[in-house]
Amino acid sequence: MKVDEEGFYNKLLDYHNILYLCHRNADPDAISSAFALSEAIGGKVGLVDGCNRVASLLVDKLEIDVVEDPNPEAYDLTVVVDTSTIAQLNDIELCHYGVIDHHATTALTENAAFYLHRNKTSVAEIVYDVLKCMGAPIMNRTAVGLMTGIVTDTGHFKHATSDTFRTFSNIIESSGVEYAEVLELMASTPQDVSMRIAMLKTANRAEIERVESWLVATSHVSSFGGSASSMLINIGADVAFVGTVKENSIRVSGRAKRDAVNAGVNLGQIMEDVSADYNGTGGGHAGAAGIDVVADMEEILWACKQKVIEVLRNKKNPSSL
């Protein structure tokens, strides 16, 4: 059952023992959203498979109490946060659950008792609207978390909308937290040697295909695929795909510049379409998405690239004018 912000809040009031469950390798958007809801309504923040570097720092700095590998059966309700597929929860068995999400496609809503979905650039923005509907005060820790979630999920506002900036401004005004505080927190995130090596290897292995004036890059690396694909965008690619091997499956992380998205590239849809051909799971946002499949890496990278080429062929690139 689809609900609005008020309906979501009212549904949560029916339960006493709530688990706010984040996707594997949880990012700041997932962690901060789960934390904000737990602080306002009560409940626990759950991690199925750890969190990324910035989210880990956020957990430490804000002293967020998290439950590792939780059992949903031990809770009255599980609220799945910022997650579009069961694969992102390592196929954990969900019992009675709700969903709050912002991805273009969200398969988990099909069997949910209720769900709140908005086309926002982050779940943190949706959670802020829930808190506002409740009349809940935006405390310092909650504000820092939500602001960090918004900054990271929008690629430091590269994918932000006017609504994004409006919500961010409202959080600052209602909490008194300054943007500089969030930037300082993120700047203190350590970048270890292994990550730096991974970035260099990704760049060295990159294959570039030119489509008119667009540049589509593909590469592979053993870890940090998401960061590596973003790095390729930062150094000149319009669209980038980076593959990594995850146990017996292949993970491909995709990123696209706003100009490519405006030209029609929707990585979330592309990943979903490609994954369907290989019985895998995929999805995400127009400018950032991922896929998990059991297949040959080169074949999957080629399939993703070809989908993008089909869209970009004969499209003008504003950045080259």
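Here is what the cut-offs are and how they apply
Residues numbered from 1 in each chain as written. Predicted model: local features only at pLDDT ≥ 70, side-chain atom pairs only at ≥ 80, totals over all residues. Heavy atoms only, no water. Helix = DSSP H or I, 4+ residues; strand = E, 2+ residues; numbered from the N terminus. Expected span 1.5 Å × (residues − 1). Buried < 20%, exposed > 50% of the residue type's maximum accessible area, 1.4 Å probe, protein only. Arc of directions from axis to C-beta. Contact = heavy atoms within 4.5 Å. Domains from an automatic or database assignment. Buried area = accessible area lost by both parts, 1.4 Å probe. Salt bridge = Lys/Arg side-chain N within 4 Å of Asp/Glu carboxyl O. Polar contact = N/O pair within 3.5 Å; in protein donor to acceptor, adjacent residues only side chain to side chain. Nonpolar A, V, L, I, M, F, W, Y, C, P; charged D, E, K, R; others polar. Axes fitted to C-alpha atoms, helices over the stretch in contact; angles between N-to-C directions. Parallel < 35°, antiparallel > 145°, perpendicular 65-115°, else oblique. Pairing = 2+ DSSP bridges. Patch = residues over 30% accessible without salt bridge, like charges linked within 9 Å, V, L, I, M, F, W, Y side chains within 5 Å. Areas by Shrake-Rupley, 256 points an atom, 1.4 Å probe, with all protein chains shown as cover. Lys, Arg positive; Asp, Glu negative; His and termini not counted. Charge placed at Lys NZ, Arg CZ, Asp CG, Glu CD. UniProt positions renumbered as here; feature names shortened; annotations may be inferred. Core = buried A, V, L, I, M, F, W, Y, C linked by side-chain atoms within 4.5 Å.

J.: Pulling in residues and values, what's your account of helix H6 (residues 162–175)?
T.: The end-to-end C-alpha separation of H6 is 20 Å, in line with the 20 Å expected for 14 residues at 1.5 Å each. Of the positions making up H6, those classed as buried are Thr 164, Thr 167, Phe 168, Ile 171 and Ser 175. The arc that holds the buried residues of H6, viewed along the axis, is 100°, so those residues lie on one side. Among the structural elements, helix H4 (123–134), helix H5 (140–153) and helix H7 (179–187) are those in contact with the buried residues of H6. Of the residues trailing H6, Gly 176 is marked for its positive phi of about 85°.

J.: Residue-level account of the domain arrangement of the chain, with values.
T.: Frequently, the measure chosen for interface size is the accessible area that the parts lose on association. By the assigned domains, the chain splits into domain 1 (5–188) and domain 2 (193–312). Computed from C-alpha coordinates alone, the two centres of domain 1 and domain 2 are separated by 26 Å. On the side of domain 2, 10 residues touch domain 1, which itself brings 12 residues to the contact. Between domain 1 and domain 2, the buried area comes to about 960 Å², and carbon and sulfur atoms account for 45% of it. The tally of links between domain 1 and domain 2 comes to 1 salt bridge. Between Arg 24 and Asp 292 there is a salt bridge, and its shortest N-O distance comes to 2.8 Å. Where domain 1 packs against domain 2, one counts 5 residue pairs in polar contact (both at pLDDT 80 or more). Tallied by class, the residues present in the side of domain 1 that touches domain 2 amount to 3 nonpolar, 5 polar and 4 charged.

J.: Tell me what's going on with the packing of helix H1 (residues 5–12) against H4, and back it up with residues and numbers.
T.: Where H1 meets H4, the closest approach of the two axes is 9 Å, and the angle between their N-to-C directions is 75°. Comparing their axes, H4 and H1 come out roughly perpendicular. Packed against H1, whose contacting residues are Glu 5, Glu 6, Phe 8 and Tyr 9, the element H4 presents Asp 129, Val 130, Cys 133 and Met 134 at the interface. Its residues assigned to classes, the contact of H1 with H4 shows 5 nonpolar, no polar and 3 charged.

J.: Tell me about the sheet that holds strand S8 (residues 214–220), residues and numbers included.
T.: Strand order in this open sheet of 6 strands is S7-S8-S9-S10-S12-S11, and the pairing throughout is mixed. Pairing within the sheet leaves two strands with one partner each, and these edge strands are strand S7 (207–211) and strand S11 (281–284). Going from strand to strand, the sheet's axes swing by 15° on average, the running direction of each strand aside. Along the sheet, helix H8 (residues 193–205) makes contact with S7, S8 and strand S9 (239–246), crossing S8 at roughly 120°. Against the sheet, helix H12 (residues 297–312) touches S7, S8, S9, strand S10 (249–256) and strand S12 (288–293), its axis set at about 160° to S9.

J.: So, a negative patch on the surface: which residues are in play, and what are the values?
T.: Taken together, Asp 49, Glu 68, Asp 69 and Glu 247 make up a surface patch of like negative charges. Following the sequence through the fold, Asp 49 ends up in the loop between strand S2 (44–47) and helix H3 (53–61). Of the residues examined, Asp 49 reaches a relative accessible area of 44% and is grouped as partly exposed.

J.: Now, about unusual backbone geometry: what can you tell me, with residues and values included?
T.: In this structure, Glu 63 takes a positive phi of about 55° despite not being glycine. Taking the relative accessible area as the measure of exposure, Glu 63 reaches 67% and is therefore exposed. Despite not being glycine, Asp 69 has its phi angle at roughly 45°, a positive value. Residue placement: Asp 69 occurs in the loop between strand S3 (66–68) and strand S4 (77–81).

J.: Explain the UniProt feature "domain: DHHA1" (unreviewed entry) in the chain residue by residue, including any values.
T.: Using the residue numbers shown here, the UniProt feature "domain: DHHA1" (unreviewed entry) corresponds to residues 228–303. Split by type, residues 228–303 is 39% helix and 34% strand. Its first and last C-alpha atoms lie 19 Å apart.

J.: Summarise the nonpolar core; cite the residues concerned and give the values.
T.: Within the largest apolar cluster, 53 residues are counted, with the highest numbers of intra-cluster contacts made by Phe 8, Ile 31, Val 79 and Ile 100. Top contributing element to this core by residue count: H4, with 8 residues. Those residues in contact with Ile 100 that sit more than four places away from it in its chain are Phe 8, Leu 37, Val 79, Val 80, Val 81, Asp 82, Leu 116, Val 123, Ile 126 and Val 127. By size, the runner-up hydrophobic cluster in this structure holds 26 residues, among which are Val 252, Cys 304, Ile 309 and Leu 312.

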